Amino acid sequence: MTTAEQRMPDGSHGSHGPHGSPDGSSSEHPGASSRGRRPEPEAGLDLVTFGETMARLENPVVGPMRHARTLDLGVGGAESNTAIGLCRLGGTAAWFGRVGDDEFGRLITNVLAGEGVQLGHTVVDRSAPTALLFKERRSGTLTRVQYYRTGSAGSQLRPSDVPHDLIRSARVLHVTGITAAISATARQALDDAVETARDAGVPVSLDLNYRQALWTPAEAGECLRNLTKRADLVFATEQEARLVVPAGESAAEGDDLAGLAESLAALGPRDVLIKRGAAGVVALCEGRLHVQPAHTVPVIDPVGAGDAFAAGYLAEFVRGRPVGERLETATAAGAYAVAARGDWEGLPSRAELDLLKSAEDTVTR
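Let's shift gears to the overall build of the protein. The secondary structure content of the protein amounts to 11 helices and 15 strands. Residues counted as buried form 56% of the 365 residues belonging to the protein. Long-range contacts, defined here as pairs at least 24 residues apart, represent 69% of the contacts in the protein between residues at least 6 apart.

This is the structure we're talking about:
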């Protein structure tokens, strides 16, 4: 740890107000859940995850961003979205990574802590800025995302940032392909975390999360294939799955998603979930094929749906629930995510899962 870095031992940001927290509230606030209860201590958390979370700037109306007169400010990151989703479903989660010593970094830590996510191993990097994500609602059905993350604090993630004891005590480690793509040191940290989990017998959950702005299909395919071989659970879109399993190696023919899932499972994972958006999911879990339809809801914002799906599945996985329940919760969480604006803001509580089942055509926000 250099003088330009600061770790947050209690989930706070380090520059405190008069009462010990970043915003001047009680020192208990950073660890308090938005549902009115404090999370469990870090030991034995349901989920540990890490990566880069960014400040999100979005035009509030449909159209080119250059014509926007105001921008909505929020936060977004695949791994932290999943951590929030699991916490809202009653689980416990920790996220670690690097944020800049700036207002955007403080926003990220305040938001995550307010949602009950443990931040005790997050590093404040005084030498690099927090990355930015610009989200443009170009039309009623098209959302475009652009990143400003080169040289960011999050991309400075390194193996020395990995909290090995925290990972060893978790019920599942969740990682994404994004972390492997943002920098060489972040990829090293990812490999270190995955090997730590495997050595400790902690299940590794992998969301392939291919981002074409970060690397080429060839680069991604090789790296994600290697990660898939070491994962216990894999979440992928059809396009992402075909990056890992080229056509010549796949058992699938044409649009045979069951065969594609079998080819992924042959690499090592026991659960393979191929997400199909509004068409639901094809899953090969513990050797059995499952086809789960999606809920029919109005799509307001599709960004973050995959993270919500992973959160729902993992929330039931860590509770030891059967595959059918995992898929039901996952698809419901995904439906809530797309039915509200924001990358994570619409993620449901457990009570809202039942509400969606009883009111298929109505989404309560």
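Having seen the structure, we can now continue with the description.
Across the five residues of strand β3 (residues 54-58), five count as buried, placing the element largely inside the fold. Where β3 and strand β8 (residues 132-137) come together, four bridges link them in parallel fashion. In the strand pairing of β8, Ala55 is matched with Leu132.

The next subject is the environment of Leu206. Tracing the backbone through its elements, the reader meets Leu206 in strand β11 (residues 204-207). Residues Leu206 and Thr176, spaced 30 residues apart in sequence, show a C-alpha to C-alpha distance of 5.4 Å. In this structure, Leu206 is in contact with Val175, Thr176, Gly177, Leu224, Leu227, Thr228, Ala231, Leu233, Val234 and Phe235, ignoring residues within four places of it in sequence.

This brings us to the side chain of Arg98. By secondary structure assignment, the location of Arg98 is in strand β6 (residues 98-100). By relative accessible area, which is 1% here, Arg98 ends up buried. In this structure the side chain of Arg98 is engaged in a polar contact, spanning 2.9 Å, whose partner is the side chain of Asp125. Side chain to side chain, Arg98 and Asp161 meet in a polar contact 2.7 Å long. Look past the residues within four positions of Arg98 in its chain and what remains in contact with it is Glu5, Val123, Asp125, Ala153, Gly154, Gln156, Leu157, Arg158 and Asp161.

Of all hydrophobic cores here, the largest spans 49 residues; its most connected members are Val48, Phe50, Leu173, Val175, Trp215 and Leu227. No other element matches helix α5 (residues 184-200), which puts six residues into this core. With residues near it in sequence (within four places) discarded, Val175 still touches Phe50, Leu190, Val194, Val204, Ser205, Leu206 and Asp207. In terms of nonpolar packing, the next biggest core, distinct from the first, is built from 47 residues, Val117, Val124, Val172 and Phe317 among them.

Overall, mixed pairing links the three strands, which are arranged β1-β7-β6 in an open sheet. Among the strands making up the open sheet, the edge pair consists of β1 (5-7) and β6. Across the sheet, the axes of successive neighbouring strands diverge by a mean angle of 30°, strand direction being ignored. In this structure, β1 lies alongside strand β7 (residues 123-125), joined through three bridges in antiparallel fashion. Across the sheet, Arg7 pairs through a bridge with Val123, a residue of β7.

On to the packing of helix α1 (residues 78-88) against helix α9 (residues 305-317). Running from amino to carboxyl end, α1 crosses α9 at an angle of 45°, the nearest separation of the two axes being 8 Å. Taken together, α1 and α9 sit at an angle that is classed as oblique. You can see that α1 and α9 cross each other, and the crossing is right-handed. Facing α1, whose interface residues are Ala78, Asn81, Thr82, Gly85 and Leu86, α9 presents Asp307, Ala310, Ala311, Leu314 and Ala315. Partitioned by chemical class, the residues of the contact of α1 with α9 number six nonpolar, three polar and one charged.

This part covers the pattern of salt bridges. Enumeration over the complete set of coordinates arrives at 27 salt bridges. Several salt bridges share partner residues, and in doing so they unite Arg56, Glu58, Asp72, Lys135, Asp301, Arg341, Asp343 and Glu345 into one network.

Most of α1 sits out of view: 11 of its 11 residues are buried. Within α1 the residues assigned to the buried category are Ala78, Glu79, Ser80, Asn81, Thr82, Ala83, Ile84, Gly85, Leu86, Cys87 and Arg88. Within two residues after α1, Gly90 carries a phi angle of roughly 95°, on the positive side.

Here we take up the packing of aromatic side chains. Tallied over the entire structure, the rule returns four aromatic pairs. Their ring planes at 15° and their centres at 4.6 Å tell us that Phe50 and Phe96 sit as a pair that is stacked. Highlighted residues: Phe50 in strand β2 (residues 47-50) and Phe96 in strand β5 (residues 93-96), separated in sequence by 46 residues. The burial state of Phe50 is the same as that of Phe96; both residues are buried. Seen in terms of ring centroids, Phe235 and Phe309 are 6.1 Å apart; in terms of plane orientation they differ by 80°. Their pairing is edge-to-face. With a gap of 74 residues between them, Phe235 in strand β12 (residues 233-237) and Phe309 in helix α9 connect regions that are remote in the sequence. Note on Phe235: relative accessible area 0%, which makes it buried.

With that out of the way, let us pick up the pairing of β11. Neither face of β11 is exposed, since Val204 and Leu206 on one face and Ser205 and Asp207 on the opposite face are all buried. Bridge count for strand β10 (residues 172-176) against β11 is four bridges, and the pairing is parallel. Bridge pairing links Val175 to Leu206 in β11. Direction of pairing for β11 relative to β12: parallel, over a ladder of three bridges.

In this structure, Asp192 sits in helix α5. For the pair Asp192 and Arg158, spaced 34 residues apart in the sequence, the C-alpha separation amounts to 9.4 Å. For Asp192, the contacting residues outside a window of four places in its chain are Pro159, Val162 and His164.

The rules behind these values
- Residues numbered from 1 in each chain as written.
- Predicted model: local features only at pLDDT ≥ 70, side-chain atom pairs only at ≥ 80, totals over all residues.
- Heavy atoms only, no water.
- Helix = DSSP H or I, 4+ residues; strand = E, 2+ residues; numbered from the N terminus.
- Buried < 20%, exposed > 50% of the residue type's maximum accessible area, 1.4 Å probe, protein only.
- Contact = heavy atoms within 4.5 Å.
- Pairing = 2+ DSSP bridges.
- Polar contact = N/O pair within 3.5 Å; in protein donor to acceptor, adjacent residues only side chain to side chain.
- Core = buried A, V, L, I, M, F, W, Y, C linked by side-chain atoms within 4.5 Å.
- Axes fitted to C-alpha atoms, helices over the stretch in contact; angles between N-to-C directions.
- Parallel < 35°, antiparallel > 145°, perpendicular 65-115°, else oblique.
- Left-handed = near helix turned anticlockwise from the far one by under 90°.
- Nonpolar A, V, L, I, M, F, W, Y, C, P; charged D, E, K, R; others polar.
- Salt bridge = Lys/Arg side-chain N within 4 Å of Asp/Glu carboxyl O.
- Phe/Tyr/Trp six-rings, centres within 6.5 Å; stacked < 30°, edge-to-face > 60°.

It is worth stressing that arrangement in space is one thing and function is another; only the former is reported here.
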